[in-house]
Amino acid sequence: EGESGKIAPETGIHDLREVVEGAVRILAKEAQRKSLELALLIAEDCPGPLILDPGLLKQIIMHLVGNAIKFTDTGHILVNVAKTSETSTHASISITVSDTGIGIPPEIQSRLFSPFFQGDSSTTRRHGGVGLGLAISKKMIEGMNGKIGLQSTPGQGCTFWFTVPLEK
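This section reports on the structure supplied with the text. Predicted, not measured: the structure shown is a model, and the values here were computed from it.

## Here's the deal with the pairing of strand β6 (residues 147-152)
Working note: regular strand, side chains alternate between the two faces of the sheet.
Then step 1. As paired strands, β6 and strand β7 (residues 158-167) are joined by 6 bridges and run antiparallel to one another. Within β7, the residue paired with Ser152 across the bridge is Cys158.
Then step 2. Counted between consecutive antiparallel strands, the loop separating β6 from β7 contains 5 residues, among which Gly155 sits at a positive phi close to 85°.

Right, dumping it as C-alpha cells:
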C-alpha cells in the first residue's frame, strides 16, 4: 500500500484474454456445482497485450461473476468482453456479466454500489450478502477512469457492465 492508503497497482503489459479467462476459469467449478452454464465470449477485435493491472481486473471480474453465480439458480452466466473504442495508443474495453438469476428490484439498484448496502434481508439470508464487493469494484473501476452500471428486471436476471480505458 502507498502512503495515501491506495493499493499500489501491479500494472504491466498483459494479455487481456488470459486475464479474463483466468478469472472466469477460477469460478467455473462453482458454476458447475450449481449446474449453471458459464460462458465467456471475447470479441475478435479485442486487443491482446494492454497495460493493465491483472490482479485488479481479475478481482473485479471474479466479484461480478461470483455474485452472478450466487444469485442464479438455473440457466447461465455470460461474460462478454468487447472493445468499445480504440485510438493508436488506447483501447476502451467493456466487460459485461449477464445472468438468468433473480434480478434486482429498481429501488435496490440505485443503492447497490453504496459501501453500506447489503441487499434486502431475505435475499441476504438466502444467498449471502453482496457486501462491500460492489462498492470496492466501483472504486477500483473509477480509479482506472472507468464506469460501472447494471440493468436488471426482477425475476429475469441481471447484467452488470463496466468499461475501462486501457493503454496499448
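We are not done yet, so read on.
## Topic: the packing of aromatic side chains
Then step 1. For the structure shown, the criterion picks out 1 aromatic pair.
Then step 2. Consider the rings of Phe113 and Phe160, whose centres lie 6.3 Å apart with planes at 85°: the pair is edge-to-face. Of this pair, Phe113 sits in the loop between α3 (106-109) and α4 (121-127) while Phe160 is found in strand β7, placing the two residues 47 residues apart along the sequence.
Then step 3. Assessed through its relative accessible area of 15%, Phe113 is described here as buried.

## Notes on helix α1 (residues 16-33)
Then step 1. Compared with the 26 Å implied by 1.5 Å per residue over 18 residues, the 27 Å span of α1 between its first and last C-alpha is a close match.
Then step 2. Maximum bend of α1: about 35°, positioned at Leu27.
Then step 3. Listed in full, the buried residues belonging to α1 are Leu16, Val19, Val20, Gly22, Ala23, Val24, Leu27 and Ala31.
Then step 4. The elements touched by buried residues of α1 are β1 (12-15), β2 (37-42), β3 (49-52), α2 (54-70), β4 (76-86) and β5 (90-99).
Then step 5. Where α1 begins, the side chain of Asp15 points an oxygen toward the backbone nitrogen of Arg17, at a separation of 2.8 Å.
Then step 6. In the segment just after α1, Ser35 is the residue with positive phi, at about 55°.

## Quick word on unusual backbone geometry
Then step 1. A positive phi angle, near 55°, is found at Ser35, a position not held by glycine.
Then step 2. Examined against the element boundaries, Ser35 turns out to sit in the loop between α1 and β2.
Then step 3. For Ser35, a relative accessible area of 65% corresponds to the exposed category.
Then step 4. The residue Asn145 is not glycine, and still its phi comes out positive at about 60°.
Then step 5. With respect to the secondary-structure elements, Asn145 resides in the loop between α5 (133-143) and β6.

## Quick look at α5
Then step 1. Turning to α5, its buried residues are Gly133, Leu134, Ala135, Ser137, Met140 and Ile141.
Then step 2. The inward-facing, buried residues of α5 abut α2, β6 and β7.
Then step 3. A positive phi of about 60° marks Asn145, the residue just after α5.

## Here's the deal with the side chain of Ser94
Then step 1. Tracing the sequence through the fold places Ser94 in strand β5.
Then step 2. Residue classification places Ser94 among the buried residues on the basis of a relative accessible area of 12%.
Then step 3. Residue contacts for Ser94: discarding those within four places in its chain leaves Asn80, Val81, Ala82, Thr84, Phe162 and Thr163.

Definitions and limits used
Residues numbered from 1 in each chain as written. Predicted model: local features only at pLDDT ≥ 70, side-chain atom pairs only at ≥ 80, totals over all residues. Heavy atoms only, no water. Pairing = 2+ DSSP bridges. Helix = DSSP H or I, 4+ residues; strand = E, 2+ residues; numbered from the N terminus. Phe/Tyr/Trp six-rings, centres within 6.5 Å; stacked < 30°, edge-to-face > 60°. Buried < 20%, exposed > 50% of the residue type's maximum accessible area, 1.4 Å probe, protein only. Expected span 1.5 Å × (residues − 1). Bend = angle between axes of the 7 residues up to and from the residue. Contact = heavy atoms within 4.5 Å. Polar contact = N/O pair within 3.5 Å; in protein donor to acceptor, adjacent residues only side chain to side chain.

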